[in-house]
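The chain contents come next:
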Amino acid sequence: MRTWKTALAAATCAGLAAVTLAGCGGDGGGGVEKKDPDAGTNGVGKLPPKQIEARARQAAQRAAAVRLTGNVVSKGRTYTLDMRLKDDGGSGRVSTQGSTFQLLRIDKELYLKADADFWTHEQNDGAAPAGDGSTGGSGGTGSESGTKEDLAAAKKLDGKYVKVPAGDPSYQQLSGFTDKTMLLDGLLGLHGQITSGKRGAVGGVPTIRITGDQGNGGTLDVSLKGTPYPLRMHRAGGAGVIQLADWDEKFELSAPPKKELVDYGQQLPQSDG
């Protein structure tokens, strides 16, 4: 099963960024003393934009856990993510082009779970990708026996956790979805000159928005309450919106039960046709 590996590879280097927020109306009363917008906040709104970005990055790096949800567009393909991440692993769901799979990583142990439709869909889509070295002539409908074998294999994997060997080429690609440090490093990068803008709220939490290159380089909404965590990001060029929540909230990761686990050993199965 080769296609799903190459299709998912782009997402791991997608480089998420930026956030949007709903603007709040100001108080426009003439002759009335203006309220200090930073009263009762954590004070980061008073800082220069680059320092706000630095504080948000530091807060994210120091957090023990986070939940990341939203969409990322990479090379014309949209990925919908719902991942809970912490330093030693993560778990959650990834969807793209009608296919959905779950990932679970505990330290270096990585598991992939999907239904039979996922495996069948991915295999049929990639029956004979150009330049992949597979055999099989014109890449049309393929042999009837091959199709039957593919369907049988897909049924065996339906709803099972498939252990992804560390030596398999797909390991790095897939584990990237569960890597808190790697994802956040990609998410939190604004490009161009950074400026601060509107104040608003995300999930009821007051925020300050910082913007790269007048919005072309992405935007990031940073919490004005408590720790200045990044709460929502808009990636540059309209390439996705990500929400970040449940910062520092602990959660447990457990290995799949043996009866739900399939282990192929050193490498995941390959599709020949």
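Model, not experiment: these values are computed from the prediction.

Turning to the overall build of the chain, a few remarks are in order. Broken down by element type, the chain carries 6 helices and 13 strands. Counting only contacts in the chain whose residues sit at least 6 apart along the sequence, the fraction spanning at least 24 positions is 64%. Looking at the chain as shown, the accessible area adds up to about 14100 Å², and 48% of this sits on carbon and sulfur atoms.

Right, let's get into the pairing of strand 8 (residues 194–202). Sheet topology note: the strand 8/strand 9 (residues 205–212) ladder contains 7 bridges and is antiparallel. Bridge assignment links Ile194 to a residue of strand 9, and that residue is Gly212. Between strand 8 and strand 9, which pair antiparallel in sequence order, lie 2 residues; one of them, Gly203, sits at a positive phi of approximately 60°.

Residues Lys180, Leu183, Leu184 and Leu187 constitute the buried set of helix 6 (residues 180–187). Buried residues of helix 6 fall within an arc of 95° about the axis and therefore sit on the same side. Elements in contact with the buried residues of helix 6: helix 2 (49–62), strand 2 (65–74), strand 3 (77–86), strand 11 (230–234) and strand 12 (240–245).

Attention now goes to the packing of aromatic side chains. Enumeration according to the criterion identifies 3 aromatic pairs in this entry. Ring centres of Phe101 and Phe118 lie 5.7 Å apart, and the angle between their planes is 50°; this geometry places the pair in the tilted category. Linking Phe101 in strand 5 (residues 99–106) with Phe118 in helix 3 (residues 116–125), this pair joins segments that are 17 residues apart in sequence. When the ring of Tyr229 is compared with that of Trp247, the centres are 4.8 Å apart and the planes differ by 5°; the resulting orientation is stacked.

Next up on the list: the pairing of strand 12. Alternating residues of strand 12 divide into Gly240, Ile242 and Leu244, all buried, and Val241, Gln243 and Ala245, none buried. Both strand 2 and strand 12 contribute to a ladder of 6 bridges, which runs antiparallel. When the sheet's bridge partners are listed, Leu68 is paired in strand 12 with Leu244. The pairing of strand 11 with strand 12 spans 3 bridges and is classified as antiparallel. By the bridge assignment, Arg232 is partnered in strand 12 with Gln243.

Here the focus is the confidence of the model for the chain. When pLDDT is averaged along the chain, the result is 79; 75% of the residues meet or exceed 70. Looking across the chain, the model is least confident in strand 1 (residues 22–23), with a mean pLDDT of 32, and most confident in strand 10 (residues 219–223), with 97. Scored below 50 in pLDDT, residues 1–29 shows 110 contacts in the model against residues more than four places distant or in partner chains. Counting interchain partners and residues more than four positions distant, the pLDDT-below-50 stretch residues 125–145 has 13 contacts.

This structure, assessed with the given rule, holds 6 salt bridges. A salt bridge links Arg199 to Asp38, with the nearest nitrogen and oxygen atoms 3.0 Å apart. Here Arg199 is found in strand 8, whereas its partner Asp38 is found in the loop between strand 1 and helix 2, with 161 residues between them in sequence. The partly exposed category is assigned to Arg199, whose relative accessible area is 25%. Of the charged contacts, one joins Arg67 and Asp82 as a salt bridge, the two residues approaching to 2.8 Å between their closest N and O atoms.

Core analysis: the biggest nonpolar cluster contains 49 residues, and Phe101, Leu244 and Trp247 have the highest contact counts within it. With 7 residues, the next largest nonpolar core counts Ala65, Ile106, Tyr161 and Leu253 among its residues.

For the rest of this paragraph, the subject is the packing of helix 2 against helix 6. Across the interface, helix 2 lies against helix 6 with an axial gap of 10 Å and an inter-helix angle of 165°. With respect to their mutual orientation, helix 2 and helix 6 come out roughly antiparallel. Crossing geometry of helix 2 relative to helix 6 is assigned as right-handed. Here Arg57, Ala60 and Gln61 of helix 2 lie close against helix 6, whose contacting residues are Lys180, Leu184 and Asp185. In terms of residue class, the contact of helix 2 with helix 6 is made up of 2 nonpolar, 1 polar and 3 charged.

If you trace the backbone, Ile52 turns up in helix 2. What makes Ile52 buried here is its relative accessible area of 0%. With 144 residues separating them along the chain, Ile52 and Ser196 place their C-alpha atoms 8.6 Å apart. In this structure, Ile52 is in contact with Val44, Leu47, Ser196, Ile208, Ile210 and Val222, ignoring residues within four places of it in sequence.

The rules behind these values
Residues numbered from 1 in each chain as written. Predicted model: local features only at pLDDT ≥ 70, side-chain atom pairs only at ≥ 80, totals over all residues. Heavy atoms only, no water. Helix = DSSP H or I, 4+ residues; strand = E, 2+ residues; numbered from the N terminus. Contact = heavy atoms within 4.5 Å. Areas by Shrake-Rupley, 256 points an atom, 1.4 Å probe, with all protein chains shown as cover. Pairing = 2+ DSSP bridges. Buried < 20%, exposed > 50% of the residue type's maximum accessible area, 1.4 Å probe, protein only. Arc of directions from axis to C-beta. Phe/Tyr/Trp six-rings, centres within 6.5 Å; stacked < 30°, edge-to-face > 60°. pLDDT = per-residue confidence, 0-100. Salt bridge = Lys/Arg side-chain N within 4 Å of Asp/Glu carboxyl O. Core = buried A, V, L, I, M, F, W, Y, C linked by side-chain atoms within 4.5 Å. Axes fitted to C-alpha atoms, helices over the stretch in contact; angles between N-to-C directions. Parallel < 35°, antiparallel > 145°, perpendicular 65-115°, else oblique. Left-handed = near helix turned anticlockwise from the far one by under 90°. Nonpolar A, V, L, I, M, F, W, Y, C, P; charged D, E, K, R; others polar.

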